[in-house]
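Here are the chains, one letter per residue:
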Amino acid sequence: FKQIPFMKAKLLVSTAFLAASVSLSAQKSATITVHADQGKEIIPKEIYGQFAEHLGSCIYGGLWVGENSDIPNIKGYRTDVFNALKELSVPVLRWPGGCFADEYHWMDGIGPKENRPKMVNNNWGGTIEDNSFGTHEFLNLCEMLGCEPYISGNVGSGTVEELAKWVEYMTSDGDSPMANLRRKNGRDKAWKVKYLGVGNESWGCGGSMRPEYYADLYRRYSTYCRNYDGNHLFKIASGASDYDYNWTDVLMNRVGHRMQGLSLHYYTVTGWSGSKGAATQFNKDDYYWTMGKCLEMEDVIKKHCAIMDKYDKDKKIALLLDEWGTWWDEEPGTVRGHLYQQNTLRDAFVASLSLDVFHKYTDRLKMANIAQIVNVLQSMILTKDKDMVLTPTYYVFKMYKVHQDATYLPLDLTCEKMNVRDNRTVPMVSATASKNKNGVIHISLSNVDADNAQEITVNLPDVNAKKAIGEILTSANLTDYNSFEKPNIVKPASFKEVKINKGIMKVKLPAKSIVTLELQ
Ligand code: AHR
């Protein structure tokens, strides 16, 4: 028996008290100061970008059912999904992959549908792809949604000529061979296509290349992707996977200003081999681990930015996080390789925490595309035959859309932190604020704490607001989700627990809740 020194004993007692108070669902507190007079950077709306790949039922059954379907549709696009996406103000949509992009031959997806050849989707379950959704179907959808298209070109198994001709087909308005082919296929006027990805994951499914080799290929391919008739391409080089800083270094060094953007992929995933964990069955430890892995993205973004700063002090080259989100085990009973997963309140927190991080780095980070828009990974929407559900992640995107193109307002935040598995630390509160073009301030707050409410004091010096209105997203359990049988388990409600007095706002955030407030 050893004597416990006094200080250590005191620590043990207070730790025991802390544990007791956690289990009693105590109210915690946090303090935020919003610097409304220090806004500099605009949060580009493209931070709220989406990604649609020919993978599982993302395109077929998700976005597209064809004009002859029994499922209500507008020119072949599902009406329910289309309307839900309209509500989100989707700013940019990346297509056709992902890994699929480097096996896609665009000419197979134009002209009369009955003549379009089929192919095997080797990356995603060996499904037969009939190419009925191709360039016209994609670019027309973007026009209807009012979003920018982001075309991901085939470098891995394609040719320079093929990619060059695709750009000509889409964007040339002259009397050129590809423009005339497009006209023959029913589209007279060229589309405007800004974002062009030159390959995807070229270190992996996009060709298993080394960065030095890819850098040269990028230079060659991008040379022949021309700016036709007032269309200006924003060319994006295939970037690193999460912690691969060497890839970014080599690309910045060898490609430099020949690219307008460099991509990065970061998934909130346990690992690439073995089980990734069930989307809907997890314990609190798993939940906090997920928050820690999600937030580690901030460090990863910072490190890639630091490398880019070394070569590009003026920040002319954008970083684009063109794949991010949660990756869980596929739902039992679904087709292997189709990456269909449910979406709980835990996923909603990954969305809110990620967006809070992205807002901080928009001097360099100019776009982010969550993977993926419908029926794949951390999607906005799930469909089954005629039914559709909106996921908790959808609702975060909807509540946060007020931040699109608004000025980011820096803030200081003090709150409790928790040490979680894998040596990570998770703050219990996350927040972000912005001021829109009309001078209206919005603040989003996430109480990550699974058990305890938070009283948040928000100092608002220089802000003349009398009240705040808002919405809250929460549910009885972190594992709650919206199913086809019960589609309204997790959805936003109006939020009243907020008062402003003399520049200080007090907000009572229930445990595990996400709120967006508008100051009035
Ligand atoms: O989003 C699913 C896949 O994840 C993409 O096709 C690929 O780019 C990444 O590995």
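Residues numbered from 1 in each chain as written. Predicted model: local features only at pLDDT ≥ 70, side-chain atom pairs only at ≥ 80, totals over all residues. Heavy atoms only, no water.

*Asks:* Give me the lowdown on the overall build of the protein chain, citing residues and values where you can.
*Replies:* Scanning the protein chain for helices and strands turns up 10 helices and 27 strands. Computed over C-alpha atoms, the radius of gyration of the protein chain comes to 24 Å, within 12% of the 24 Å expected from 2.2 N^0.38 for 520 residues, which places it in the range of a compact globule. Its C-alpha atoms give the protein chain principal-axis dimensions of about 80 × 55 × 55 Å. The buried share of the protein chain, taken over its 520 residues, is 57%. Relative to all contacts within the protein chain whose residues are 6 or more apart in sequence, the contacts with residues 24 or more apart total 75%. The averaged location of the 61 negative side-chain charges in the protein chain is 5 Å from the averaged location of its 61 positive side-chain charges. (Helix = DSSP H or I, 4+ residues; strand = E, 2+ residues; numbered from the N terminus. Rg over C-alpha atoms; globule rule 2.2 N^0.38 Å. Buried < 20%, exposed > 50% of the residue type's maximum accessible area, 1.4 Å probe, protein only. Contact = heavy atoms within 4.5 Å. Lys, Arg positive; Asp, Glu negative; His and termini not counted. Charge placed at Lys NZ, Arg CZ, Asp CG, Glu CD.)

*Asks:* Kindly report on the site of the ligand, identifying the contributing residues and their values.
*Replies:* For the ligand, the full set of nearby residues is Phe51, Glu53, Gly98, Cys99, Trp124, Asn200, Glu201, Tyr267, Glu323, Trp327, Gln372 and Leu377. Between the ligand and Asn200 there is a distance of 3.1 Å, counted from an oxygen atom to a side-chain nitrogen or oxygen. Separating an oxygen atom of the ligand from a side-chain N or O atom of Gln372 is a distance of 3.0 Å. Of the residues that constitute the shell around the ligand, the class distribution is 6 nonpolar, 3 polar and 3 charged. (Near = heavy atom within 4 Å. Polar contact = N/O pair within 3.5 Å; in protein donor to acceptor, adjacent residues only side chain to side chain. Nonpolar A, V, L, I, M, F, W, Y, C, P; charged D, E, K, R; others polar.)

*Asks:* Describe the nonpolar core, with residues and values.
*Replies:* Counting 120 residues, the largest nonpolar core has Ile301 and Phe358 as the members making the most contacts within it. Among the elements that make up this core, the one with the highest residue count is helix α8 (residues 284-311) (10 residues). Apart from residues no more than four positions distant in its own chain, Phe358 is found in contact with Ile47, Met297, Ile301, Leu321, Trp324, Leu365 and Ala368. Counting 29 residues, the second-largest nonpolar core is a separate cluster that includes Ala30, Ile456, Leu460 and Ile500. (Core = buried A, V, L, I, M, F, W, Y, C linked by side-chain atoms within 4.5 Å.)

*Asks:* Help me get a handle on the state of the cysteines, residues and values and all.
*Replies:* Under the criterion given, the structure shown has 1 disulfide. Linked covalently through their sulfurs, Cys99 and Cys205 form a disulfide whose S-S length is 2.2 Å. An S-S torsion of about -85 degrees defines the bridge between Cys99 and Cys205 as left-handed. You can see Cys99 sitting in the loop between β5 (92-95) and β6 (119-121) and its partner Cys205 sitting in the loop between β9 (195-198) and α6 (211-223), a full 106 residues away along the chain. Owing to a relative accessible area of 12%, Cys99 belongs among the buried residues under this scheme. (Disulfide = S-S within 2.5 Å.)

*Asks:* Tell me about the sheet that holds strand β23 (residues 468-473), residues and numbers included.
*Replies:* Pairing is antiparallel in the open sheet, where 6 strands are placed in the order β16-β20-β21-β27-β23-β24. One side of each edge strand has no neighbouring strand; the edge strands of this open sheet are β16 (407-409) and β24 (493-495). Taken over all neighbouring pairs, the strand axes of this sheet differ in orientation by 25 degrees on average, direction set aside. In the sheet, β23 pairs with β24 via 3 bridges, with the strands oriented antiparallel. Within the sheet, the bridge partner assigned to Gly470 lies in β24 and is Phe495. (Pairing = 2+ DSSP bridges. Axes fitted to C-alpha atoms, helices over the stretch in contact; angles between N-to-C directions.)

*Asks:* Can you explain the layout of surface pockets? Please cite residues and give values.
*Replies:* If you add up the space inside the largest pocket, you get close to 510 Å³. Lining of the largest pocket is provided by 24 residues; of these, Leu295, Glu298, Lys360, Pro427 and Val429 occupy positions nearest its centre. Split into classes, the residues belonging to the lining of the largest pocket amount to 12 nonpolar, 4 polar and 8 charged. Considering only enclosed or pocket space, the second largest pocket measures out at about 290 Å³ in volume. Lining the second largest pocket are 16 residues, with Glu67, Tyr77, His136, Glu137 and Asn140 sitting closest to its centre. Looking at the lining of the second largest pocket, the element that brings in the most residues is helix α3 (residues 135-145), giving 5 residues. Considering only residue class, the lining of the second largest pocket consists of 4 nonpolar, 5 polar and 7 charged. (1 Å grid on protein atoms, 1.4 Å probe; cavity = no way out; pocket = protein on both sides within 12 Å on 5 of 7 lines; lining within 4 Å. Points joined across faces, edges and corners; volume = space filled by probe spheres on them.)

*Asks:* For empty space enclosed by the protein, give the residues involved together with the corresponding values.
*Replies:* The method is simple in principle: a probe with the dimensions of a water molecule rolls over the atoms, and the space it marks as empty is what remains. All chains considered together, the criterion is met by 3 cavities of 30 Å³ or more. Approximately 50 Å³ is the volume attributed to the largest cavity. Looking at the largest cavity, it is lined by 15 residues, and the ones nearest its centre are Tyr150, Gly199, Ser238, Ser263 and Asp322. Within the residue set of the lining of the largest cavity, elements represented by two or more residues are β8 (148-153), β9, β10 (234-241) and β11 (261-268).

*Asks:* Hey, could you go over the side chain of His403 for me, with residue numbers and the actual values?
*Replies:* Residue placement: His403 occurs in the loop between α10 (392-400) and β16. The residues contacting His403, other than those within four sequence positions of it, are Ile43, Tyr48, His359, Thr432, Ala433, Ser434, His442, Ile443 and Ser444.

*Asks:* Quick one: what's the story with the packing of aromatic side chains, residue by residue and with numbers?
*Replies:* Considering all chains together, one arrives at 24 aromatic pairs under this definition. Where Trp95 meets Phe138, the ring centres are 4.5 Å apart and the plane angle is 15 degrees; that geometry is what we call stacked. On the criterion of sequence distance, the pair formed by Trp95 in strand β5 and Phe138 in helix α3 is long-range, its members being 43 residues apart. Relative to Trp166, the ring of Trp95 has its centre 6.2 Å away and its plane inclined at 65 degrees; by these criteria the two rings are edge-to-face. Note that Trp95 is positioned in strand β5 and Trp166 in helix α4 (residues 160-171), a separation of 71 residues in sequence. Trp166 carries the same exposure label as Trp95, and that label is buried. Every member of this aromatic cluster is reached through a ring pair, and the members are Trp64, Tyr77, Trp95, Phe100, Tyr104, Trp106, Phe133, Phe138, Trp166 and Tyr169. Directly above the aromatic system of Phe282 lies the positively charged group of Arg346, at a separation of 3.7 Å from the ring centroid. (Phe/Tyr/Trp six-rings, centres within 6.5 Å; stacked < 30°, edge-to-face > 60°. Lys NZ or Arg CZ within 6 Å of the ring centre and 35° of its normal.)

*Asks:* Can you explain the pattern of salt bridges? Please cite residues and give values.
*Replies:* Enumeration according to the criterion identifies 25 salt bridges in this entry. When the shortest N-O distance is used, the salt bridge between Glu298 and Lys360 registers 2.9 Å. Linking Glu298 in helix α8 with Lys360 in helix α9 (residues 345-360), this pair joins segments that are 62 residues apart in sequence. Residue classification places Glu298 among the buried positions, given a relative accessible area of 16%. Here the residues in one salt-bridge network are Asp309, Asp312, Lys315, Asp363 and Arg364, joined through shared partners. (Salt bridge = Lys/Arg side-chain N within 4 Å of Asp/Glu carboxyl O.)

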